[in-house]
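# Notes for the structure review
As a plain string of letters, each chain reads:
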Amino acid sequence: MRKTLWLLVSGLMALSLVMAACGPAATPTTPTTPSTPTTPTAPVTPTAPTAPITQLPQKEAAAPEKPKYGGTLTIREAVEPTCCDSAASRQMLGGLTQWYVYEQLLDPDWVKGPAGTGEYDFRNWSSPDAMMGPALAEKVEKPSPDVWKLTIRRGVRYHPLDTEAGKLMGGREVTTDDIVWNYERMLHGPDTAISVLQPRVAAAMKVEKTGPWEITMTTPVQPITAQWWVIEGGGYAVLHPKQVVEKYGNVNNWRNTVGTGPWMLIDYVPGSQAVYKRNPNYWDKNPFEPGKGDQLPYIETVRRLIIPDTSTFQAAVRTGKIDMTAGLPIDDADQLIKTAPKLHYADYL
């Protein structure tokens, strides 16, 4: 029974682990037993006042350190990431490029997360309108539940890559026409994931340019499904480079990835690792002090190491070779937490 329970829990729960360069957690203090109250005594005659004790000035807490640019973030992946074009593969792909290279119209708004207002901790994934924040679209209006008006962000540029695909895009600015072309392809192409998985939703959706920097999406069939899998992106409905798709037919070859995201994919060895470099032309800025207004991202290099074997991964964590992982079964996580107490972790469904 215990074995079955753990298997079920492992299927539902995962842990995110981050190595931290801090000391071990403080030992919890054992609470003392409250003493029995004594019988009150007669009041004591006050003695002559003594000289006041001089209070030493309290030491002010150190101000948060301004973030610094550079460094490498090393992430462990337990399985091979999928690549890459959900508009040409009849399935939802994009693990190799998702969140790093390509961007959606909207993203979960991290300003509303623990680093900001604390409205969401993002451990329990859901899709309320209020949880989503701006990305390629900087403003959203909903005149009705099935109509979305999105103002496209200006100043977003394709990656300045010195590759054949990068030279095709030339680091140019993204236009409203790019957005309309891309989402029409996502919806109505013959081999798109959404047209295979939700054909009625895809066939009924319309994408129109309704202003120089505005598009309108109409979702008459199952608007919530259309919202989650197309408008908000669902992790797969992302902006692909038009000229590259027109030349090569799709972007299933990782060498042809040219996005607008915070990092650029520069190397990928299946079964080994993927390496990303910082996009020097990224549009987003740090909204918080210290460092408010800094161009993002701060991290120069991201390395995703593909390590399926659990014992190899745990050894890499204990020796400080891995900074972060996600989707760890709870039994493996419990073992790591016991043997590596400096880990920071979060559990989620």
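Being a predicted model, the structure only gives us computed values, none of them experimental.

## Comments concerning the state of the cysteines
Enumeration according to the criterion identifies one disulfide in this entry. Residue pairing for Cys 83: its cysteine sulfur links by disulfide to Cys 84, the two sulfurs lying 1.6 Å apart. Taking the torsion about the sulfur-sulfur bond, which here is approximately -95°, the covalent link between Cys 83 and Cys 84 counts as left-handed. On the accessibility criterion, Cys 83 (24% relative accessible area) is partly exposed.

## Observations regarding the pattern of salt bridges
Two side chains with opposite charge may pair up if their charged atoms get near one another. Within this structure, the stated rule accounts for 11 salt bridges. Glu 77 is paired through a salt bridge with Arg 304; the nearest N and O atoms lie 2.9 Å apart. Taken together, the positions of Glu 77 in strand S2 (residues 72–77) and Arg 304 in strand S11 (residues 301–306) put the pair 227 residues apart, joining distant regions of the chain. Across the pair Arg 90 and Asp 191 runs a salt bridge, and its minimum N-O distance is 3.4 Å.

## Looking at unusual backbone geometry
Cis geometry is adopted by the peptide bond preceding Cys 84, which originates at Cys 83 and carries an omega value of -10°. In this structure, Cys 84 sits in the loop between S2 and strand S3 (106–108). Cis geometry marks the peptide bond from Glu 289 to Pro 290, where omega comes out at -5°. When you line up the elements, Pro 290 lands in the loop between strand S10 (273–278) and S11. The backbone of Arg 90 shows a phi angle near 60°, a positive value even though the residue is not glycine.

## Points about the packing of helix H8 (residues 310–318) against helix H9 (residues 330–339)
Close contact between H8 and H9 brings their axes to 11 Å; oriented N to C, the two are set at 30°. Judged by the angle between their axes, H8 and H9 are roughly parallel. Where H8 crosses over H9, the handedness of that crossing is right-handed. Counted together, Thr 310, Phe 313, Gln 314, Val 317 and Arg 318 of H8 and Asp 332, Gln 335, Leu 336 and Thr 339 of H9 form the full contact between these two elements. Class assignment for the residues of the contact of H8 with H9 results in three nonpolar, four polar and two charged.

## A few points about the sheet that holds strand S8 (residues 214–218)
Spatially, S5-S6-S8-S7 is the arrangement adopted by the four strands of the open sheet, whose pairing is antiparallel. Each edge of the open sheet carries a strand with a single partner, namely strand S5 (137–144) and strand S7 (206–211). Within this sheet the neighbouring strands show an average axis-to-axis angle of 25°, counted without direction. Relative to strand S6 (residues 147–152), S5 is paired through five bridges, and the arrangement is antiparallel. Paired with Val 140 across the bridge in S6 is Leu 150. Strands in contact with helix H3 (residues 176–188) are S6, S7 and S8; relative to S7, the strand with the most contacts, it is inclined by about 170°.

## A look at the confidence of the model for the protein
Of the residues in the protein, 81% reach a pLDDT of 70 or more, and the chain-wide mean stands at 84. Below a pLDDT of 50 lies the segment residues 1–54, which in the model reaches 57 contacts outside its immediate sequence neighbourhood of four places, other chains included.

## Things to note about the nonpolar core
By size, the foremost hydrophobic cluster in this structure holds 59 residues, and its most contacted members are Leu 105, Ile 179, Ile 215, Met 217 and Tyr 276. With five residues, H3 is the single largest residue contributor to this core. With sequence-adjacent residues up to four places away left out, Leu 105 is seen in contact with Pro 134, Ala 135, Leu 136, Ala 137, Leu 150, Ile 152, Ile 179, Tyr 183, Ile 215, Met 217 and Ile 231. Counting 11 residues, the second-largest nonpolar core is a separate cluster that includes Leu 305, Ile 322, Leu 328 and Leu 343.

## Regarding helix H6 (residues 223–231)
Here H6 has its buried residues at Thr 225, Ala 226, Gln 227, Val 230 and Ile 231. Among the residues trailing H6, Gly 233 stands out with phi positive, at a value near 105°.

## A word on a nonpolar patch on the surface
On the surface, a cluster of nonpolar side chains totalling about 220 Å² of accessible area is made up of Met 92, Val 196 and Leu 197. As for its placement among the helices and strands, Val 196 is situated in helix H4 (residues 193–197). Judged by its relative accessible area of 32%, Val 196 falls in the partly exposed class.

## Some words on the pairing of S7
The pairing of S7 with S8 spans five bridges and is antiparallel. Along S8, the bridge assignment pairs Glu 208 with Thr 216. Where S7 hands over to S8, the hairpin turn is made up of two residues, counted between the paired strands.

## Examining the packing of aromatic side chains
The final tally for this structure, using the stated rule, is eight aromatic pairs. Each residue in the set Tyr 100, Trp 263 and Tyr 276 is aromatic and connected to the rest through ring pairs, giving one cluster. A cation over an aromatic ring shows up here: Arg 76 above the ring of Phe 313, its NZ or CZ 4.1 Å from the ring centre.

Reading guide: rules and limits
- Residues numbered from 1 in each chain as written.
- Predicted model: local features only at pLDDT ≥ 70, side-chain atom pairs only at ≥ 80, totals over all residues.
- Heavy atoms only, no water.
- Disulfide = S-S within 2.5 Å.
- Buried < 20%, exposed > 50% of the residue type's maximum accessible area, 1.4 Å probe, protein only.
- Salt bridge = Lys/Arg side-chain N within 4 Å of Asp/Glu carboxyl O.
- Helix = DSSP H or I, 4+ residues; strand = E, 2+ residues; numbered from the N terminus.
- Axes fitted to C-alpha atoms, helices over the stretch in contact; angles between N-to-C directions.
- Parallel < 35°, antiparallel > 145°, perpendicular 65-115°, else oblique.
- Left-handed = near helix turned anticlockwise from the far one by under 90°.
- Contact = heavy atoms within 4.5 Å.
- Nonpolar A, V, L, I, M, F, W, Y, C, P; charged D, E, K, R; others polar.
- Pairing = 2+ DSSP bridges.
- pLDDT = per-residue confidence, 0-100.
- Core = buried A, V, L, I, M, F, W, Y, C linked by side-chain atoms within 4.5 Å.
- Patch = residues over 30% accessible without salt bridge, like charges linked within 9 Å, V, L, I, M, F, W, Y side chains within 5 Å.
- Areas by Shrake-Rupley, 256 points an atom, 1.4 Å probe, with all protein chains shown as cover.
- Phe/Tyr/Trp six-rings, centres within 6.5 Å; stacked < 30°, edge-to-face > 60°.
- Lys NZ or Arg CZ within 6 Å of the ring centre and 35° of its normal.

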